[in-house]
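Here are the chains, one letter per residue:
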Amino acid sequence: MRTDTAAALDVAEWAAACRGRTRDLLAGLGHAPGLLRTDPGAAVRVLDDRLAREIPALLDGEEWTRLHTLLTACLGEFLISVHGARWAWVDDSASPVGGRWVVTGFTRPPARRTAAVDVGALVGDALATEPSVGLTALADRAERAAGVRVVRGPRPDVAARDGRGGA
């Protein structure tokens, strides 16, 4: 990860932009702008409900980019709120922009070895294979990738297979 001053400023700007996007989206839906920080579970349910209605119309061109950006911001901010993580820039010569934004530094749950999550790539992969993916499913995937998932019930795929519903 870059640690120079320019990188620190870039990370601060990126994090502020992501917070702003999620706050604006929630406020536009008639909810408290800080809902993702105060009640992440409720915020994810609100966003999932809205996105489920809008995703089909957002899968082309610039709208796909907007959807990807919104999902990346919301997912990253969810992980930060719930798990005490932070945004970071990781240099990557294979990337067309020279690096990737990741969420890292997970502090909750404590005493767990965790991994950085390339939120943008996770969102992009999910949209490419499952265009109607919701924020709840993305959060589940991200928590598993980070190694911070705590047991909250059966995995959605197992619950569906066993006839118990699922996300």
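Up top is the structure these notes are about.
Residues numbered from 1 in each chain as written. Predicted model: local features only at pLDDT ≥ 70, side-chain atom pairs only at ≥ 80, totals over all residues. Heavy atoms only, no water.

This part covers the overall build of the chain. Within the chain, the regular secondary structure consists of seven helices and two strands. For the chain, the N- to C-terminal ordering of α and β elements is α-α-α-α-β-β-α-α-α. Buried residues in the chain amount to 41% of all 167 residues. Long-range contacts, defined as pairs at least 24 residues apart, comprise 51% of the intrachain contacts of the chain with a sequence gap of at least 6. (Helix = DSSP H or I, 4+ residues; strand = E, 2+ residues; numbered from the N terminus. Buried < 20%, exposed > 50% of the residue type's maximum accessible area, 1.4 Å probe, protein only. Contact = heavy atoms within 4.5 Å.)

Counting residues in each nonpolar core, the largest one holds 41 residues, and the members touching the most others are Leu 75, Trp 87 and Leu 138. Among the secondary structure elements, those contributing two or more residues to this core are helix H1 (5-28), helix H2 (35-38), helix H3 (40-54), helix H4 (61-83), strand S1 (86-91), strand S2 (99-104), helix H5 (119-129) and helix H6 (135-146). When near neighbours in sequence (up to four residues on either side) are disregarded, Leu 75 contacts Val 119, Leu 122, Val 123, Leu 135, Leu 138, Ala 139 and Ala 142. (Core = buried A, V, L, I, M, F, W, Y, C linked by side-chain atoms within 4.5 Å.)

Oppositely charged side chains can form a pair if their charged atoms are brought close together. Scanning all chains against the criterion turns up five salt bridges. Here Asp 118 ties to Arg 100 by a salt bridge, and the two come within 3.2 Å at their closest N and O atoms. One end of the pair, Asp 118, is in the loop between S2 and H5; the other, Arg 100, is in strand S2, with 18 residues separating them in the sequence. Residue Arg 100 is classed as partly exposed on the basis of its relative accessible area, which comes to 29%. Put simply, Arg 141 and Glu 130 hold a salt bridge, and the shortest N to O gap is 2.5 Å. (Salt bridge = Lys/Arg side-chain N within 4 Å of Asp/Glu carboxyl O.)

Okay, H6 next. Counted at 1.5 Å a residue, the expected span for H6 with its twelve residues is 16 Å, and the 16 Å between its end C-alpha atoms agrees. Among all positions in H6, only Leu 135, Leu 138, Ala 139, Asp 140, Ala 142, Glu 143 and Ala 146 are buried. Looking one or two residues past H6, Gly 147 carries a phi angle of roughly 85°, positive in sign. (Expected span 1.5 Å × (residues − 1).)

The full count for this structure, using the stated rule, is three aromatic pairs. Ring centres of Trp 14 and Trp 87 lie 5.7 Å apart, and the angle between their planes is 90°; this geometry places the pair in the edge-to-face category. Of this pair, Trp 14 sits in helix H1 while Trp 87 sits in strand S1; the two residues are 73 residues apart in sequence, bridging distant segments of the chain. By relative accessible area, which is 21% here, Trp 14 ends up partly exposed. The class for Trp 87 is buried, based on a relative accessible area of 4%. Ring plane angle 70° and centroid distance 4.9 Å describe the contact between Trp 89 and Trp 101, whose orientation is recorded as edge-to-face. Here the residue Trp 89 occupies a position in strand S1, and Trp 101 occupies one in strand S2, the gap between them amounting to twelve residues. Considered together, Trp 89 and Trp 101 belong to a single accessibility category, that of buried residues. (Phe/Tyr/Trp six-rings, centres within 6.5 Å; stacked < 30°, edge-to-face > 60°.)

Our next topic: the environment of Ala 145. With respect to the helices, strands and loops of the structure, Ala 145 is situated in helix H6. The sequence separation of Ala 145 and Val 119 amounts to 26 residues, and the corresponding C-alpha distance is 9.9 Å.

Right, let's get into the packing of H5 against H6. It is at 11 Å that the axes of H5 and H6 come closest, and there the two elements cross at 130°. As judged from the angle between their axes, H5 and H6 are oblique. Here H5 and H6 pass one another in a crossing that is right-handed. Contacts from Leu 122, Val 123 and Ala 126 in H5 reach Leu 138, Arg 141 and Ala 142 in H6. Grouping the amino acids of the contact of H5 with H6 by side-chain chemistry returns five nonpolar, no polar and one charged. (Axes fitted to C-alpha atoms, helices over the stretch in contact; angles between N-to-C directions. Parallel < 35°, antiparallel > 145°, perpendicular 65-115°, else oblique. Left-handed = near helix turned anticlockwise from the far one by under 90°. Nonpolar A, V, L, I, M, F, W, Y, C, P; charged D, E, K, R; others polar.)

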